[in-house]
Amino acid sequence: MSPTHHLPASWIVAWAAGTMDPAREVLAAAHLTLCPHCRYEVRQAEQLGGAVLDRAIRADTAPAGSFDALMARIDEPEREPTRSTHDPSGVLPASVARYTGPYNDVRWRWLAPRVHGVTLDVPTSGLPLRLIRIAAGHRLPLHDHAGAERGLVLRGGWRDQTGHYRRGDACFVDPDLKGHEQVMDTDTDCIALVLNDGPIEAHNPILRLAARLLGV
Amino acid sequence: MIPTRRTRIQRLYPPPRWVEPRAGRPLRADDSLILGVAARDRSAFAELYQRWFGRLSAFLRGRTRDRAAADELTQEVFLRIWRRANTYNPSRASAATWIYTIARNASVDHHRKTSRPAPDPTDPAWVSASPLSSDEIVARREDAERVRDALDTLPPAQAEVLRHAYYHQRSSTEIAAVLGISTGTVKSRTRLALARLRRALPWEPA
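Below is a short write-up of the structure. Being a predicted model, the structure only gives us computed values, none of them experimental.

Quick notes on the rules
Residues numbered from 1 in each chain as written. Chains lettered and ligands numbered in written order. Predicted model: local features only at pLDDT ≥ 70, side-chain atom pairs only at ≥ 80, totals over all residues. Heavy atoms only, no water. Helix = DSSP H or I, 4+ residues; strand = E, 2+ residues; numbered from the N terminus. Buried < 20%, exposed > 50% of the residue type's maximum accessible area, 1.4 Å probe, protein only. Contact = heavy atoms within 4.5 Å. Areas by Shrake-Rupley, 256 points an atom, 1.4 Å probe, with all protein chains shown as cover. Lys, Arg positive; Asp, Glu negative; His and termini not counted. Charge placed at Lys NZ, Arg CZ, Asp CG, Glu CD. Pairing = 2+ DSSP bridges. Core = buried A, V, L, I, M, F, W, Y, C linked by side-chain atoms within 4.5 Å. Polar contact = N/O pair within 3.5 Å; in protein donor to acceptor, adjacent residues only side chain to side chain. Buried area = accessible area lost by both parts, 1.4 Å probe. Salt bridge = Lys/Arg side-chain N within 4 Å of Asp/Glu carboxyl O. Axes fitted to C-alpha atoms, helices over the stretch in contact; angles between N-to-C directions. Left-handed = near helix turned anticlockwise from the far one by under 90°. Nonpolar A, V, L, I, M, F, W, Y, C, P; charged D, E, K, R; others polar.

A short note on the overall build of chain A
Logical step 1: A count of helices and strands for chain A gives six helices and 11 strands.
Logical step 2: When its C-alpha atoms are laid out on the principal axes, chain A stretches across 70 × 35 × 35 Å.
Logical step 3: Looking at chain A as a whole, 52% of its 216 residues qualify as buried.
Logical step 4: A sequence separation of at least 24 residues applies to 65% of the contacts in chain A between residues at least 6 apart.
Logical step 5: Accessible surface for chain A amounts to roughly 9,900 Å². Of this, 54% is attributable to carbon and sulfur atoms.
Logical step 6: Of the charged side chains in chain A, 23 are positive and 26 negative; the average position of the first set lies 6 Å away from that of the second.

Notes on the sheet that holds strand 9 (residues 183-184) of chain A
Residue and element names in this part refer to chain A.
Logical step 1: Strand order in the open sheet formed by three strands is 7-6-9, and the pairing between neighbours is antiparallel. Single-partner strands in this sheet number two, and they are strand 7 (163-165) and strand 9.
Logical step 2: Where strand 6 (residues 158-160) and strand 9 come together, two bridges link them in antiparallel fashion. Considered in strand 9, the bridge of Arg 159 is made with Val 183.

Focus on the nonpolar core
Logical step 1: If you look at the biggest cluster of nonpolar residues, it comprises 97 residues, and the most contacted ones within it are Leu92(A), Leu131(A), Leu193(A), Phe45(B) and Tyr166(B).
Logical step 2: Ranked by residues supplied to this core, first place goes to helix 3 (residues 42-64) of chain B with 10 residues.
Logical step 3: If we ignore the near neighbours within four places in the chain, the residues touching Leu193(A) are Val26(A), Leu27(A), Ala30(A), Val96(A), Leu120(A), Leu129(A), Arg130(A), Leu131(A), Arg150(A), Gly151(A), Leu152(A) and Leu154(A).
Logical step 4: Counting residues in each nonpolar core, the second largest holds 14 residues, with Val115(A), Ile134(A), Cys190(A) and Ala192(A) among its members.

Section: the side chain of Gln169(B)
Logical step 1: Relative to the assigned elements, Gln169(B) resides in the loop between helix 8 (156-166) and helix 9 (172-179).
Logical step 2: Looking at Gln169(B), the relative accessible area reads 17%, which means it is buried.
Logical step 3: For Gln169(B), the side chain forms a polar contact with the main-chain oxygen of Gly18(A), separated by 2.8 Å.
Logical step 4: For Gln169(B), the contacting residues outside a window of four places in its chain are Ala17(A), Gly18(A), Thr19(A), Arg63(B), Ser107(B), Val108(B), His164(B) and Glu174(B).

Considerations on the interface of chain B and chain A
Logical step 1: Chain B puts 73 residues into the contact, and the matching count from chain A is 68 residues.
Logical step 2: Both sides of the chain B and chain A interface together cover about 6,500 Å² of buried area, and 59% of this is carbon and sulfur.
Logical step 3: When the area that chain B buries against chain A is broken down by residue, the three leading residues are Arg55(B), Pro117(B) and Tyr166(B), summing to 10%.
Logical step 4: Close ionic contact of Arg116(B) with Glu25(A) constitutes a salt bridge, the shortest N to O distance being 3.3 Å.

Some words on the sheet that holds strand 10 (residues 190-196) of chain A
All names here are of chain A.
Logical step 1: Reading across the sheet, the six strands line up as 1-2-3-10-5-8 and stay open at both edges, with antiparallel pairing between neighbours. Of all the strands in the sheet, the pair left with one neighbour each is strand 1 (109-112) and strand 8 (170-173). The average undirected angle you get between the axes of adjacent strands in this sheet is 30°.
Logical step 2: Both strand 5 (residues 149-155) and strand 8 contribute to a ladder of four bridges, which runs antiparallel. Residue Gly 151 lies in a different strand from strand 8, and its bridge partner there is Cys 171.

A short note on the pairing of strand 5 of chain A
Residue and element names in this part refer to chain A.
Logical step 1: Within strand 5, six of the seven residues are buried, leaving the element largely enclosed by the surrounding structure.
Logical step 2: Looking at chain direction, strand 5 and strand 10 are connected through six bridges and run antiparallel. Looking across to strand 10, one finds that Arg 155 is bridged to Ile 191.

Remarks on the packing of helix 3 of chain B against helix 5 (residues 95-110) of chain B
Residue and element names in this part refer to chain B.
Logical step 1: Running from amino to carboxyl end, helix 3 crosses helix 5 at an angle of 40°, the nearest separation of the two axes being 11 Å. Along this stretch, helix 3 crosses helix 5, giving a crossing that reads as right-handed. Facing Trp 52, Leu 56, Phe 59, Leu 60 and Arg 63 of helix 3, the residues of helix 5 in contact are Ala 96, Ile 99, Tyr 100, Ala 103, Arg 104 and Ser 107.
Logical step 2: Residues of the contact of helix 3 with helix 5, tallied by class, amount to eight nonpolar, one polar and two charged.

Now the structure itself:
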């Protein structure tokens, strides 16, 4: 089934223009793998790029001899593209499996009761990109976000104040949203990619203290 | 004489059979040249090089802000064009859009150790679009022309944001700093520009 919660326009243009940081690219590529609607949006946005290039000022004519220099290199072997890792289970899109390996080999680490996660080793300007697993039916403690949060559901789903999110749905939460209350669907454990610009603060002071002590 | 040569190349490389005659736009010189490059015609490649060198080197210089790196990247882009010409499908994208995506990927890869992730139809996780009716296919083919018209009629403030994003490869935060406006304004102008573009196009998927 196709997702119903899509990438915002600024992400579509950033993808088409090639201006995203690598962590956002992993999340965007994962959504695009699952979402024909956003792939179509990206194609339109790429046509804008084509139109901009078409209109570019022709600053130079080709220097004499540069075409011959190019032809001398024409049979050079191409740099090996980064090998793509496919997840045979189909849970993790290749952009994610490149960093975590296939779903059945993911090395989960305990983060909180009924919550496990693994950090993807990909450069980002905010907090690290994480793949998380939350037990089916689990209600996350009420929390605030110190920065924007972008989530992408890869299996299972959740409900919060803003809607119901299932596989492929992008859930972008603004820091203005106070008291984020997420309840996981009961059919299966929820697997999601999560990228935060700032830390998450639980409302319960004991949980906040525990999170600081445990460094999670 | 270039016009004569172009006619000859168009005659030599008619659209392949999988490009249906109902295509919404006539084949242009650049389409035929890329099809010629796919058939390994070096004179077609030489002409494509002359036609695009100036635009590509200016475009890539805007992105790298370094002359030598831009020259090296321009050569890299033409090498990729030569290697990938056989994947070009004129009924799917205009020549300018195809060349643009190659140049964009080359410039992103230039700054990275690993290549940019690309959604891959052979990925077991892939979700396909529902099949299109023939009306929708025709509508899609006309997109490139309409996109150009839509770009030309955008309000200047929206067009400026797009130019910074595409031409200078600036993020929303960087554009906000350059133009002295808030990131929220950059995002809303981007959203408005895309919405306007979408209205200008005849078809939207369900």
